[in-house]
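Residue-level structural notes
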Amino acid sequence: MMILISILVLGVMGLVFAGLLGFAADYFRVEEDPRVGQLMAVLPGGNCGACGFAGCRDFSEKLILGDAGVGGCVAGGAKVGEAIAAIMGVQAAAFDRKVATVHCGAKLDQRKPKAHYTGIETCFAVNMVDGGGLACAYGCLGHEDCQAACPFDAIRMEEGLPVIDPEKCTACGNCVTACPRKIISIRPQAFPVVVACSSQDAGAVVRKICPVGCIGCKICVKQVPEVFAVSDNLAVVDYTKTGVSCDAAIDKCPTKCIVRL
Amino acid sequence: MKLFGIFFAAFLINNILLIRFIALCAFFGVSTKVDTSVGMSFAVIFVMTISSAVSWLIYYFILTPFHLEFLRTAVFILTIASLVQLEELYLKKMIPTLYRAMGIYLPLITTNCAILAVAFLAIDYRYNFLESMIYSLGVSAGYALAIILFAYVRERMAAAPIPRWFQGFPIAFITAALMSLAFLGFSGMFGL
């Protein structure tokens, strides 16, 4: 008798829950664009977030809303970009390959020390104690956090500075997040001009502590006003202005902090 | 006062993660970043409170009248699994922002042992409905406290030069053990 009741009660509960779920699935159905499923199938599915959205699903939803570009999937590259374009029914624009760039050019012997640091040898830790022994409050600390964060082995250290291999770099942005000083950024590979400095100190301060720092003199702005601008004592490159020659600015830069890679 | 005692005991003194060591899989799995542990905490608070209420009702209004108390394991698992599915469907339609904030953690919690443990413990302690609600709130708040604190410690540890043999889970377990010792200090407060 007990067995019978048990079977009945469990069975009825199971049925009730199943019915409830079935009803809820119908009642609470959210209409979803069928293209989301198609897009999810072509995307890498790694949810790396390099596109700037929460994951592949979020990216596909934003694509349909028109908030994301068809070439936005950095990890997938040109192939995925074409597949996305085919689903969305637009012509695939030339895939704009991006790479990481380091905005500091001070090699080990060019860095002015201000104290002797003995502690945990990671940039994260050094940055917490006011930059360890480095006089420059913006420059590279050289403890290889970016190298450790790179999943593609694209960063090697030369004279205390990270050097990025553009062939291996996929612009995933891990080094950008890993760098506590925020001196790594992502730029289009087709535009190989970089301001190798992040210092927002006034020119006089920079001159005292670094031979290759940006002093905010605006000579580059005078030479190539389309591309360069100076804000917070620091020259910045407008990477949307492709095809403008920057040679004049690179030649005239007094501290040679604008470099061609 | 009794309700406060129940809440406080569940929140700190018998902290589900650090004193009872229940639901350790998620404790180590999603505590590497503060963001994810906060998402997990809110999903746990939400699911645990609702599921313990429903399990209490089912135990006292379905299982007890039929003298089927021995079936509670199977019945509670069935209840919690369907309930989480139902909540997921409901949130997706009605409160999409909350659904997105909880994200993947909501379905993951279906198999979280803490949810089942709370449903059992509330019955073992012979709590009435209100007491069992307060109890599950206390447990889930304790869960949130422990996992968020632990995530902060682990974020800091990511920067430390840990010997290779201790990297990852070994050092995480040592940290959890130390935190657990610290939480032992709460035992005996208010005579609980």
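This is a predicted model, so every value here is computed, not measured.

1. Focus: the overall build of chain A
The number of helices and strands found in chain A is ten helices and eight strands. For chain A, whose C-alpha radius of gyration is 26 Å, the value lies well above the compact-globule estimate of 18 Å for 261 residues. Taken along the three principal axes of its C-alpha coordinates, chain A extends 90 × 50 × 30 Å. Sorting the 261 residues of chain A into buried and exposed places 36% on the buried side. Partitioning the contacts of chain A with sequence separation of at least 6, the portion at a separation of at least 24 is 56%. Carbon and sulfur atoms provide 58% of the accessible area of chain A, an area that totals close to 14,100 Å². When the 24 basic and 25 acidic side-chain charges of chain A are each reduced to a single mean position, those positions are 7 Å apart.

2. So, the overall build of chain B
Secondary structure assignment for chain B yields nine helices and zero strands. In chain B, the order of α-helices and β-strands from amino to carboxyl end is α-α-α-α-α-α-α-α-α. Here the C-alpha atoms of chain B give a radius of gyration of 18 Å, agreeing with the 16 Å that 2.2 N^0.38 yields for 192 residues. Expressed along its principal axes, the backbone C-alpha trace of chain B runs to roughly 60 × 45 × 30 Å. Counting only residues that meet the buried cut, chain B has 46% of its 192 residues in that class. Put simply, 78% of the contacts in chain B that link residues at least 6 apart link residues at least 24 apart. In the structure as shown, chain B presents an accessible area of about 9,300 Å², 72% of it carried by carbon and sulfur atoms.

3. Concerning the side chain of B:S180
All names here are of chain B. Relative to the helices and strands, S180 is located in helix α9 (residues 169-184). Judged by its relative accessible area of 8%, S180 falls in the buried class. Setting aside residues no more than four positions away along its own chain, S180 makes contact with L18, I19 and F21.

4. Section: the packing of aromatic side chains
All names here are of chain B. Inspection of every chain in the model, using the stated rule, returns 21 aromatic pairs over all chains. Between the aromatic rings of F27 and F28, the centroid separation amounts to 5.3 Å while the plane-to-plane angle is 70°, which identifies the pairing as edge-to-face. F28 shares its class with F27; the two are buried. Connected via pairs of aromatic rings, a cluster forms that spans W56, Y59, Y60, F61, F76, F120 and F129.

5. Here we look at helix α1 (residues 2-27) of chain A
Across its 26 residues, α1(A) extends 37 Å between first and last C-alpha, which sits within 8% of the 38 Å expected from 1.5 Å per residue. Structurally, α1(A) contributes buried residues whose contacts are with α3 (34-63) and α4 (72-94) of chain B.

6. A few points about the domain arrangement of chain A
It is common to give the size of an interface as the accessible area lost on bringing the parts into contact. Annotation of chain A at the domain level lists domain 1 (34-88) and domain 2 (98-260). Once you take the C-alpha centre of each, domain 1 of chain A and domain 2 of chain A turn out to be 31 Å apart.

7. Some points on unusual backbone geometry
For A:D153, which is not glycine, the phi dihedral falls at a positive 60°. Unusually for a residue other than glycine, B:R126 sits at a positive phi of about 55°. By the element assignment, B:R126 lies in the loop between α7 (113-124) and α8 (129-157).

8. Digging into the packing of helix α2 (residues 34-42) of chain A against helix α3 (residues 56-65) of chain A
Residue and element names in this part refer to chain A. Contact pair α2 / α3: the axes reach a minimum separation of 9 Å and the direction vectors enclose 130°. Classed by the angle they form, the pair α2 and α3 counts as oblique. Handedness of the crossing formed by α2 with α3: right-handed. Across from R35, V36, L39 and M40 in α2, the residues of α3 making contact are C56, R57, S60, E61, L63 and I64. Residues that form the contact of α2 with α3 fall into these classes: six nonpolar, one polar and three charged.

9. Here's the deal with the environment of A:G105
Residues and elements named next belong to chain A. Looking at the element boundaries, G105 is found in the loop between β1 (98-102) and α5 (123-128). Residues G105 and C210, 105 residues apart in the sequence, show an inter-C-alpha distance of 9.6 Å. Apart from the residues within four sequence positions on either side, G105 is in contact with Q110, L161, A196 and V212.

10. Quick word on the side chain of A:R181
Residues and elements named next belong to chain A. Positionally, R181 belongs in the loop between α7 (174-178) and β4 (184-188). Overall, the relative accessible area of 14% leaves R181 in the buried class. Side-chain polar atoms of R181 contact the side chain of N127, separated by 3.2 Å. A distance of 3.2 Å separates a polar side-chain atom of R181 from the backbone oxygen of G139. If we ignore the near neighbours within four places in the chain, the residues touching R181 are N127, G131, L134, C136, A137, Y138, G139 and L141.

11. Overview of a nonpolar patch on the surface
Judged by side-chain polarity, A:F23, A:Y27, B:Y90, B:M94, B:I95 and B:L98 come together as a nonpolar surface patch covering roughly 590 Å² of accessible area. Mapped onto the nonpolar patch, the elements with two or more residues apiece are α1 of chain A together with α4 of chain B. Along the polypeptide, A:F23 turns up in helix α1.

12. Quick notes on the environment of B:A23
Residue and element names in this part refer to chain B. Secondary-structure assignment places A23 in the loop between α1 (2-13) and α2 (24-29). With relative accessibility at 2%, the residue A23 sits in the buried group. Separated by 91 residues in the primary sequence, A23 and A114 have C-alpha atoms spaced 5.2 Å apart.

13. Regarding the nonpolar core
With 55 residues, the main nonpolar core has B:L17, B:F27, B:M40, B:F76, B:Y135 and B:Y143 as its most contacted residues. Per-element accounting of this core gives the leading share, nine residues, to α7(B). Grouped together as the second largest cluster of nonpolar side chains are 25 residues, A:V99, A:C123, A:V126 and A:L161 included.

What counts, and at which threshold
Chains are numbered independently. Their residues run from 1 in the order of the written sequence. Chains and ligands are labelled by the order in which they are written, letters from A for the one and numbers from 1 for the other. Confidence filtering applies because this is a predicted model: local features only for residues at pLDDT of at least 70, side-chain atom pairs given and counted only at 80 or more, and all residues used for totals across whole chains, interfaces and linings. Where side-chain values are given, they derive from all heavy atoms of the structure, hydrogens and water being excluded. Only DSSP runs of H or I covering at least 4 residues are called helices, and only runs of E covering at least 2 are called strands; the numbering of each starts at the N terminus. Radius of gyration here uses only the C-alpha atoms, and the compact-globule reference equals 2.2 Å multiplied by the residue count raised to the power 0.38. Buried means the residue's accessible area, taken with a 1.4 Å probe over protein chains only, is under 20% of the maximum for its type, while exposed means over 50%, and partly exposed covers the values in between. Whether two residues are in contact is decided by their heavy atoms: any pair within 4.5 Å suffices. Computed with a 1.4 Å probe, the accessible areas rest on the Shrake-Rupley method; for each residue, only the protein chains presented here act as cover. Charge assignment: positive for Lys and Arg, negative for Asp and Glu; neither His nor the chain ends contribute. The location of each charge is read from NZ of Lys, CZ of Arg, CG of Asp or CD of Glu. Classification of ring pairs rests on two measures: the distance between centres of Phe, Tyr or Trp rings, Trp counted by its six-membered ring, which must be within 6.5 Å, and the angle between planes, read as stacked under 30 degrees, edge-to-face over 60 and tilted in between. By this rule, a helix spans an expected 1.5 Å times one less than how many residues it contains. A domain assignment, automatic or from a database, supplies the domain bounds used here. Every axis corresponds to a line fitted to the C-alpha atoms, with the helix fit spanning only the stretch in contact, and the corresponding angles, defined between N-to-C directions, vary from 0 to 180 degrees. The labels follow the angle: roughly parallel below 35 degrees, roughly antiparallel above 145, roughly perpendicular from 65 to 115, and oblique for the rest. A clockwise turn of the near helix away from the far one marks a right-handed crossing, whereas an anticlockwise turn of less than a right angle marks a left-handed crossing. We call Asp, Glu, Lys and Arg charged. Ala, Val, Leu, Ile, Met, Phe, Trp, Tyr, Cys and Pro are nonpolar, and the rest, Gly among them, are polar. The definition of a polar contact used here is a pair of N or O atoms within 3.5 Å, where within protein one atom must be able to donate a hydrogen and the other to accept one, and adjacent residues in sequence count solely through side-chain atom pairs. Nonpolar side chains (Val, Leu, Ile, Met, Phe, Trp, Tyr) are joined into patches within 5 Å and like charges within 9 Å, using only residues with over 30% relative accessible area and no salt bridge. Basic side-chain nitrogens of Lys or Arg form a salt bridge, by our definition, when they fall within 4 Å of a carboxyl oxygen of Asp or Glu. Nine residue types can take part in a nonpolar core, namely buried Ala, Val, Leu, Ile, Met, Phe, Trp, Tyr and Cys, and a core is a set of them joined through side-chain atoms within 4.5 Å.

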